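# Architecture and fold: a report
So the chains spell out like this:
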Amino acid sequence: MLFRSVRGNASQGNGNGVLNTMAASLLVHGAQFEDNADELGHGGGVLNMGMLTVQYSTFNGNVTDASGGAISNMGGVVDVVNSTFDDNASPWGGSVLDNSGEGQVSFLFSTIGNSDSPNTGAAILVSSGQVILKNSIVADTFGDNCIEDGGTIAVIGDNLSTDTTCPGFTLTADPALEPLSVWFPSPTPTLSLGLGSAAIDASTDCTDFMGAAVDIDQRGAPRAPGTCDLGAHEQ
C-alpha cells in the first residue's frame with residue numbers, strides 16, 4: 001500500500017481501515033489512515049494478525065470502542081518506522097496500539113501524540129507479547145502513555161514520554177509538539193517539534209535496530225548527522 005489514503009470508513013467489525021490476516025504480509029508506505037471508526041471491533045485503523053510494516057505514514061483521528069484505536073495487533077508482527085500517530089482514541093485500551101496474542105511490535109523514530117484513553121487505558125497497551133521502542137516519543141495522552149498488562153515494553157536508545165508510565169524511557173519531558181501539519185516534502189502530516197522541545201538533538205544513536213544509519217525523517221528530509229531528534233520529524 002504505497003501513498004494511499006484510507007479515510008472515513010465505519011463498521012461494527014474488526015480492522016475498519018485494513019484487516020491483515022494471519023497468512024498475509026502488508027507494507028504501508030507514505031499512507032494516511034484518517035478518521036476511521038470501529039464501533040464494536042478491534043483496530044480502528046488496522047487489525048493485524050500477520051506481518052505489517054508501516055513506514056513514513058500517519059494515523060490520525062481513528063477510533064474504536066474496543067481496543068487499538070490506530071492498530072490492534074493480535075499475534076502478528078508490526079514494524080513501525082518514521083511514522084506519526086495523532087488524536088487516535090479507544091475508551092478502554094490502546095488508543096494507538098493494543099498488542100495481544102503474544103504479538104511483537106517495534107516503533108523506530110516515531111511520534112505518538114494527543115491520544116485519548118480515558119477509562120484506565122493507555123496510548124500503548126501491551127496485553128501480551130512485547131513492544132520495543134527506539135528514539136520515539138509518546139506524549140500527551142488523556143490517560144496513561146503506556147500500560148504493561150501481561151506483556152512487556154522494552155527500549156533501546158533514547159525515548160521520551162510526558163509521564164512516568166513507559167518503563168525504561170530516558171526522558172520524561174515536554175516534546176512541545178506542534179499541531180499536525182503537512183511539511184514539505186512529505187505527502188503525509190507530521191507533529192513537528194516546537195521551540196525548546198526536549199526531543200531536539202536528544203539522541204546520539206541515529207540508527208535502526210540493526211545499527212544502520214537512519215538518515216532521513218518521515219518527510220524524507222535529512223536527519224542531523226551524529227546527534228538527531230527523537231520522533232518522526234527532524235526539526
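Let me begin by describing the structure that accompanies this report. Since the model is a prediction, treat every value here as computed from it, not as a measurement. (Residues numbered from 1 in each chain as written. Predicted model: local features only at pLDDT ≥ 70, side-chain atom pairs only at ≥ 80, totals over all residues. Heavy atoms only, no water.)

What follows deals with the overall build of the protein chain. If you tally the helices and strands in the protein chain, you get 0 helices and 23 strands. Taken against the 2.2 N^0.38 rule, which gives 18 Å for 235 residues, the C-alpha radius of gyration of the protein chain at 16 Å falls within 12% of a compact globule. When the backbone C-alpha atoms are referred to their principal axes, the protein chain occupies close to 45 × 35 × 30 Å. The 235 residues of the protein chain split such that 54% are buried. Restricting the contact set of the protein chain to residue pairs at least 6 apart, pairs at least 24 apart contribute 69%. Accessible surface for the protein chain amounts to roughly 8900 Å². Of this, 55% is attributable to carbon and sulfur atoms. Charge centroids of the protein chain, computed over 5 positive and 26 negative side chains, lie 12 Å from each other. (Helix = DSSP H or I, 4+ residues; strand = E, 2+ residues; numbered from the N terminus. Rg over C-alpha atoms; globule rule 2.2 N^0.38 Å. Buried < 20%, exposed > 50% of the residue type's maximum accessible area, 1.4 Å probe, protein only. Contact = heavy atoms within 4.5 Å. Areas by Shrake-Rupley, 256 points an atom, 1.4 Å probe, with all protein chains shown as cover. Lys, Arg positive; Asp, Glu negative; His and termini not counted. Charge placed at Lys NZ, Arg CZ, Asp CG, Glu CD.)

Taken as a whole, this structure holds 4 salt bridges when the rule is applied. Its salt-bridge partner being Asp217, residue Arg219 comes within 2.6 Å of it at the nearest N-O pair. The pair Arg219 / Asp217 is uniform in exposure class, with both members buried. Ionic pairing is found between Arg223 and Glu234, a salt bridge with its closest N-O pair at 3.0 Å. Note that Arg223 is positioned in the segment after strand S23 (171–172) and Glu234 in the segment after S23, a separation of 11 residues in sequence. (Salt bridge = Lys/Arg side-chain N within 4 Å of Asp/Glu carboxyl O.)

Right, let's talk about the state of the cysteines for a bit. This model, assessed by the stated rule, comprises 2 disulfides. Ordering the disulfide-forming cysteines of the protein chain by sequence position, one finds them joined as 1-2, 3-4. (Disulfide = S-S within 2.5 Å.)

Attention now goes to unusual backbone geometry. Cis rather than trans, the peptide bond between Phe184 and Pro185 has omega equal to 5°. Tracing the backbone through its elements, the reader meets Pro185 in the segment after S23. Positive phi, normally seen in glycine, also occurs at Phe109, with a value near 45°. Within the fold, Phe109 resides in the loop between strand S15 (104–108) and strand S16 (111–113). Backbone geometry places Asp140, a non-glycine residue, at a positive phi of 60°.

Bridge count between strand S7 (residues 46–48) and strand S11 (residues 71–74): 3 bridges; the pairing is parallel. Residue pairing across strands places Val46 opposite Ile71, the latter belonging to S11. Direction of pairing for S11 relative to strand S14 (residues 97–100): parallel, over a ladder of 4 bridges. What sits directly across from Ser72, in S14, is Asp98. (Pairing = 2+ DSSP bridges.)

Attention shifts here to the sheet that holds S11. If you walk across this open sheet you meet the 6 strands as S3-S7-S11-S14-S17-S20, and the pairing is parallel. The open sheet has two edge strands, strand S3 (18–20) and strand S20 (144–148), and neither has a second partner. Ignoring strand direction, the axes of neighbouring strands in this sheet form an average angle of 5°. As judged from the 3 bridges shared by S3 and S7, these two strands associate in the parallel manner. Within the sheet, the bridge partner assigned to Val18 lies in S7 and is Val46. (Axes fitted to C-alpha atoms, helices over the stretch in contact; angles between N-to-C directions.)

With that settled, consider the sheet that holds strand S21 (residues 152–156). Read from one edge of the open sheet, 6 strands run S4-S8-S12-S15-S18-S21, paired in parallel fashion. Strand pairing shows two members of the sheet lacking a second neighbour, strand S4 (25–29) and S21, which therefore form its edges. For this sheet, the mean inter-axis angle between neighbouring strands, taken without regard to orientation, is 10°.

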